Structure formats: C-alpha cells, structure tokens
Amino acid sequence: MKFQLKPPLKAWRSSLVFRVTGTIVALSLILIWLLGSALFSRVSSGIFNEKLTLSILDAQSTARNTQIQLTFSKYQDKAALTLVFDDILALPPRTFEGTAKEIAVFSFANIDDTFKFDGTSNLLDLKSIPETFREITRESNETQWERADLIYLDGSTEPGIVVGQDLNIAGVGKYEFYVVFSLAQQEKTMTLIFNYLLLAGIVLTFLIGLTTYFAMRRLIAPIQDAARVAEELTKGNLDLRMDFQGEDEIASLGYSFNEMAVSLQQQISRLENLSKLQQRFVSDVSHELRTPLTTIRMASQVIFATKDTFEPTVARSAELLISQIERFESLLTDLLELSRFDAQGAIMEIEETDLVALVKETIEYIHPSQDRIVILQAPNSPVMVDVDHRRIKRIIRNLISNALDHRENQKVDVRIAESENEVSVGVRDYGSGFNYTDRKMLFERFWRADSSRARSTGGTGLGLSISLEDAKLHQGEIEVWGERGRGAHFVLTIPKYAGGSIESRPISAQL
Amino acid sequence: MTSIMVVDDDQDLAEMLGIVLTGAGYEVDLVNRGDEVMPLFTAYAPDLVLLDVMLPGLNGVEVCKLIREVSMVPIVMLSARGDKQDVVAGLEAGADDYMVKPFDPLELVARMKVRLRRSAVEVNTELCIGNLKIDQIEHSIIRDGQTIALTRLEFDLLVALAKEPGRVFSREALLSEVWGYRPATDTRLVNVHIQRLRSKIEINPEDPKVIVTVRGVGYKAGVPGNSQ
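Figured I'd write up the structure that's included with this text.

Definitions and limits used
Residues numbered from 1 in each chain as written. Chains lettered and ligands numbered in written order. Predicted model: local features only at pLDDT ≥ 70, side-chain atom pairs only at ≥ 80, totals over all residues. Heavy atoms only, no water. Helix = DSSP H or I, 4+ residues; strand = E, 2+ residues; numbered from the N terminus. Buried < 20%, exposed > 50% of the residue type's maximum accessible area, 1.4 Å probe, protein only. Contact = heavy atoms within 4.5 Å. Areas by Shrake-Rupley, 256 points an atom, 1.4 Å probe, with all protein chains shown as cover. Axes fitted to C-alpha atoms, helices over the stretch in contact; angles between N-to-C directions. Left-handed = near helix turned anticlockwise from the far one by under 90°. Expected span 1.5 Å × (residues − 1). Polar contact = N/O pair within 3.5 Å; in protein donor to acceptor, adjacent residues only side chain to side chain. Pairing = 2+ DSSP bridges. Patch = residues over 30% accessible without salt bridge, like charges linked within 9 Å, V, L, I, M, F, W, Y side chains within 5 Å. Salt bridge = Lys/Arg side-chain N within 4 Å of Asp/Glu carboxyl O.

1. Things to note about the overall build of chain A
Okay, so step 1: Scanning chain A for helices and strands turns up 10 helices and 12 strands.
Okay, so step 2: The buried share of chain A, taken over its 511 residues, is 38%.
Okay, so step 3: Put simply, 66% of the contacts in chain A that link residues at least 6 apart link residues at least 24 apart.
Okay, so step 4: Entry remark: accessible area of chain A is about 29,300 Å², with carbon and sulfur atoms responsible for 57%.

Here's what the structure looks like:
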C-alpha cells in the first residue's frame, strides 16, 4: 500500500475513497454538531434551572430569616440598624449545596434618613445588582430573579443569579433585599461538559472517517485490482488474473472478471493460431506456386527465344504466353503481399532515408527517358525520414505508374512538401480522373474505375490496396481527390520519425 | 568450359535450369539433395553454385556454410519465399547473391556472368583502402604483410569502393556496380555483405575505418593511414 499526497482537488476528482470519506466525514460533523449542541443546551438549562429553583428557595428562606432577625432586633437609631445589617451581611449563610452566596440590601427611597442603609456582603460591588432589576423588584411584591454578573470590588467578575424581594419592617419601611448566587460552579461544570462533548465529537468524527476510509479501501481494493489487471490485459499480458476470496459480491466480480479474461485469452489465441495458420499457408502457397512458375517461365522464354522459326500464330501465342506469365507472376506477388498484411505478418525494416532522392530514383526508374512528363517539385535539401525504404518506394512507384496510366497525354506533377513532423508526396495527373464518390472504392481489391476498358493498362488491381496497407504500416495515410475529366490527386502523408503519427498534412489532396 | 552446379529439389526446375544454362554455354551438374552437395562439390569443383534454400537432407543455408568452409566459389541462392529471414540467413551464411523465384532466366544468366567475370587486370595499379593494400593481379588483400582471404564478391566490393576514394556510394550504386543489378532492387544485399566484409577486414568491426558509413546515403572508402 503506498500513500501519496495529492493536491486535494485532484484527489477529490480522482479518488472515490477520498470523495466518499470526505462526504461522510462532513455529514457526520454536521450531525454530531447538531446532536451535541441540542444535548448541551438541554443539560445546561437543566443544571441552570435546578440551581435557580434552589437559589429562589434559598433566597426566600434567607429573606425570611433576615426579616425575623430584624423584627426581633431592638434598634432605635441608624447605628443599631447598621449593626444588625452588618451582622447579617458579614456572614451570609451558606447555600444548601454549600457554595457561596452574597447579600445586598438597599433601603427604599421613602425611608426616614435615620434608617437608610445600602450595603453588600463581602467585597461585592453595588453595581452587581442592575438598576433595571432593582426597579422591577421594587414595583413587585413577588420574588424576582435575573442572571447578572457578580462584580467584586477587586474588579473580578463571576456569572451569577440575583434573586430579589422586599423586606418590610414594621414602623421603619421597606428594604430591597437581594441574594446573589454565584454560577461559577455551574459554569465550570458546563465548560467541562462542553469540552467532553467537543472531544467526543472530534473522536467520533475521526473514527467515522477512519472506519469509512478503511471500509472503502477494502471495498475498492478489488475494483482497483480489476482496473490494474484490465490494464495489464490491454497491454497483452493475458495470463494475469484477479485474486479473490469468499463468495460475496466482490468475489463474484473477481470470478466474472477472470472468466472474461480466460475467454478473451482463448479468443486471442484462437485468432493468433488462425493468423499463424494463414501465414503458414501463405508461405506454403508461395513456395508451391513459385517453383513451377519458375519452370514455366524459363520454358516459355526458351520457346520465345526461337519464335522466329514458328508460324505467325504460334509466335504470337508464345508472346502472349510470356506476357501472361509475367502478369500471373505480378498478381501472385501482390496477392502474397496482401495475404501477409491480412495475417499481420508484414515486417517493417526502418532505416533513415532521403525521401527526395528516393522519389527521384523512382521517377527515373519508371520513366527513364521521358523526363518531361513527370515533373518533380521538391525541397532542395534532403528530407530525411525513418521508413521502410522498399515499401515507401513501392507506394511512390504505384502512385506514379497509376498517374502515368491515366494521364491521357498530359504531364504528371509530383510534389514533396514537409512540415516539422510530417512529409507528403502528392501525385497529380490531369487525365481521365474518376468520380469523387468512388474515392473509397479505389483502394478496394481488384476495383476498376471503368470496367469496360479497364484491363488494357496492365496493373494487377491490387496496387492501391497494397499502397494503403504500406502507408498504414508507417502510421501514414493516402488522401485522394479526383474528378471525371479533370484528373486525380493522390497524396501520401507519413510521419517523419518512426513511431510518430500524423497531426498535419503538408499537402492536401483537395485542390 | 565454365561449370555450374545447380542444387534444387524440384527435378523439373533443375532440368529447365540445365536447359537454359547449357543454352547459355555452361556445363551443368544437377544435384537434388542438400546432403549430396559436398561430395559432388569436391569432385567437380564448379565455378559457381546455384543453391535452392528449401532442400531435403540439408537445407540451403547449411550447405552454403559448408561450401564456404572450403571454397570462395560464387554462390547464388534461389529462394522461393523471398522472405527476409531466408534471404538474410542465406547471405549471412556466405551467399554472394540471391534470386527470388519466379526469376527471369535472362536476369539469372546476367547476374551469374557478373559473378563469374574476372576483374579486368589494370597493370601497375595497387589500390589502397584504409590501411589495406589491394593487389589486383594476385587478387589478394594485404594488411601489415598478412593476406586476408575474401570471396570474389567481397573483393569486387572492396575494389569498387577503393577505386574512387572520395565518392560516397549509395546502396543502389553498389548494387548496379558490383552485382550488376538494375536499380530498385533489394538493398539488404549490400548491408549484409558490407557487414561480412567488415568482420574480415576491420580491426574493430564496431568502429569501421576501412569502409565508412555515410548516414542516410551509403558507404565510402576510408582514408589511408587514418585507420589506427
């Protein structure tokens, strides 16, 4: 197993594992967050409500105690009152759970100056009781509560609940009485719960991601294996099979895949055998036909050499014999060549060749005397190409002989043009031409443009088929244009370098 | 009279070859089996051997190797297939030339004549190629006083290159000059023989100095004194 770091976007597009894991992780994150926040808010409101209930009870009982204490106290002046309040404020009783609580007392505005008293326990700042809340408390006869921050004189604050009510002292008047409970403990608990929930969420997400990743990998491994094996099969490594165990769906994929590979291999080897058989047959036919043909040819030539002594009809027969043997021979050669293509037994012998020189030689060979007919237009410098010399020469020879056969006393233009990676040889004649719609048929075996007057010119009818096969062997092509009465244009285009392919055409067949 | 040994398992073809070659003025010995060649070859000592590739007993390529072990006589292979492997195997075994069936008998005779002709002796010409001396009178190649044995064809090939030291010979040019071919024939013939020749005369055939390759064109003679 190898791990590669890919750019995320690329990984997203190219890896199913990555995509599925990513989606599942994202979905579970959302789900866990929703669940977690619901849980958290339920827990926190529960904790708060409990504290609130206790606080209100606590505050009410504290208020009652204070009321009693005040009622039974004997005080006539402010000093005595202060003493009582200081006493109450100095040691605020503990809450039921044993956490700290603070008390604040404010006298109502209408109280006689003698008994005015504003004070808080410990170091609690008077500002801790919000003015708005004090107003609500003053106007109501019920116990009121509100969340407020506890502010201490040293500047520190704590979250808390303020519970407020009135104290009514007979003969003196009303006081606002506030009991302030710290929520620090609850806050701490909540933070702890929050942290645990967060941690649980993260761990859960990570585990889900990890599980998905490995489950997906496990699921996808056979598919990757199948892809790899398929690729190897494509490369021709037909013996490769998929590994699989068990009887699940994946195993059935593996089984079917291997069945396919076996059937493919059988088909291919059957075809290979056929092709070998075909090649063998071709080579046998070649040998068996060629030997008697050689004998016949020699015999005919011996007869032909003495034809002057024959009667005219016998002499003419000898001539016909010779020419037909020649035709038979070239037909045999062409047929064997085509069989080799069909059996895919054609072998290329690539060598670096100057195409200009090759075309010049071919023109000279076909038409040594009348150099005015075939006009070559070629680059001045050599055009070096990697080709099978013999095959390219054969194509050029075929195209030029064809043009000469159909030129009808017009010239034939041969043009060579090159681009960076391709080279074209165009052969244009201005003779009889052909119907443009027939252009595909031209390359069919034994096809003749005009069956009525065809066979006078002598070719085997296989030349263009062979040329096309030769061009294909070079990854090249032959493009054709033609029009009846206006002539024809055949363009061979091949890549300059072995293994290349055609991307542009230096010469187009269309005029 | 020049004698030719014709080795072919097809009796009709062999007989026909006999008729044609006798008509051309040669004395002909016919052999039908590969394994019968060597005893007859030593007995008759022919001036040229026409050798079919497919032979019963011993195939033509093997026969060719056996002949080359004892003689530098010109050998022309007759191949029915014209397939590259056959032809190249024959040439590598030491055949000078080959004809693919069905061949033109006139061309066969013409080629045989080229193989049989003695190079016209040019008096007082001692040619040099690379560090080799070519003695045209003695028909021998001398390097540092030592004679190197070559077939007549190899000798002709070397002489052709040495006669015009500056010229680059295309394969086609060599074919027509040494083998007497018309143009547009198989240039593998040249490649194989250049290789065989190099293995005999070059000190390091991988880095030839006597017969230099001109890429994309052909071959030319190495400059004397420049070889080591």
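Once the structure has been displayed, the description carries forward.
2. Digging into the packing of helix H2 (residues 37-44) of chain B against helix H3 (residues 60-70) of chain B
All names here are of chain B.
Okay, so step 1: Where H2 contacts H3, the two axes come as close as 10 Å, and the packing angle between them is 35°. Once H2 is placed against H3, the crossing between them reads as right-handed. In contact with Val-37, Met-38 and Phe-41 of H2, H3 contributes Val-63, Leu-66, Ile-67 and Val-70.

3. Quick word on helix H1 (residues 11-23) of chain B
Residues and elements named next belong to chain B.
Okay, so step 1: If you check H1, its first and last C-alpha atoms are 18 Å apart, about what 13 residues at 1.5 Å a residue would give, namely 18 Å.
Okay, so step 2: Regarding H1, its N-cap is Asp-10, as a side-chain oxygen of that residue lies 3.2 Å from the backbone nitrogen of Asp-12 further along.
Okay, so step 3: Remark: Gly-25 follows H1 within two positions and exhibits a positive phi of approximately 95°.

4. Examining the pairing of strand S5 (residues 173-182) of chain A
All names here are of chain A.
Okay, so step 1: Among the 10 residues that make up S5, eight are buried, leaving the element largely enclosed by the rest of the structure.
Okay, so step 2: Note: strand S1 (residues 101-107) against S5, seven bridges, orientation antiparallel. Counted as the bridge partner of Val-105 is Phe-177 from S5.
Okay, so step 3: When strand S4 (residues 157-169) meets S5, the two strands line up antiparallel, connected through 10 bridges. Pairing of Asp-166 across the sheet is with Glu-176, part of S5.

5. Here we look at the sheet that holds strand S3 (residues 144-151) of chain A
All names here are of chain A.
Okay, so step 1: The antiparallel open sheet is built from five strands, whose spatial order is S2-S1-S5-S4-S3. In the strand order of this sheet, the two ends are held by strand S2 (118-120) and S3, each with one partner. On average, adjacent strands in this sheet sit at an angle of 25° to one another, irrespective of strand direction.
Okay, so step 2: Pairing geometry for S1 and S2, over three bridges, is antiparallel. When the sheet's bridge partners are listed, Ala-104 is paired in S2 with Thr-120.
Okay, so step 3: Contacts from helix H4 (residues 131-139) reach S1, S3, S4 and S5 within the one sheet, and its direction differs from that of S4 by about 30°.

6. Things to note about a nonpolar patch on the surface
Okay, so step 1: A cluster of nonpolar side chains, namely A:Leu192, A:Tyr196, A:Leu199, A:Val203, A:Phe206, A:Leu207, A:Leu210 and A:Phe214, defines an oily patch on the protein surface of about 820 Å² accessible area.
Okay, so step 2: The residue A:Phe214 is located in helix H5 (residues 184-235) in this model.

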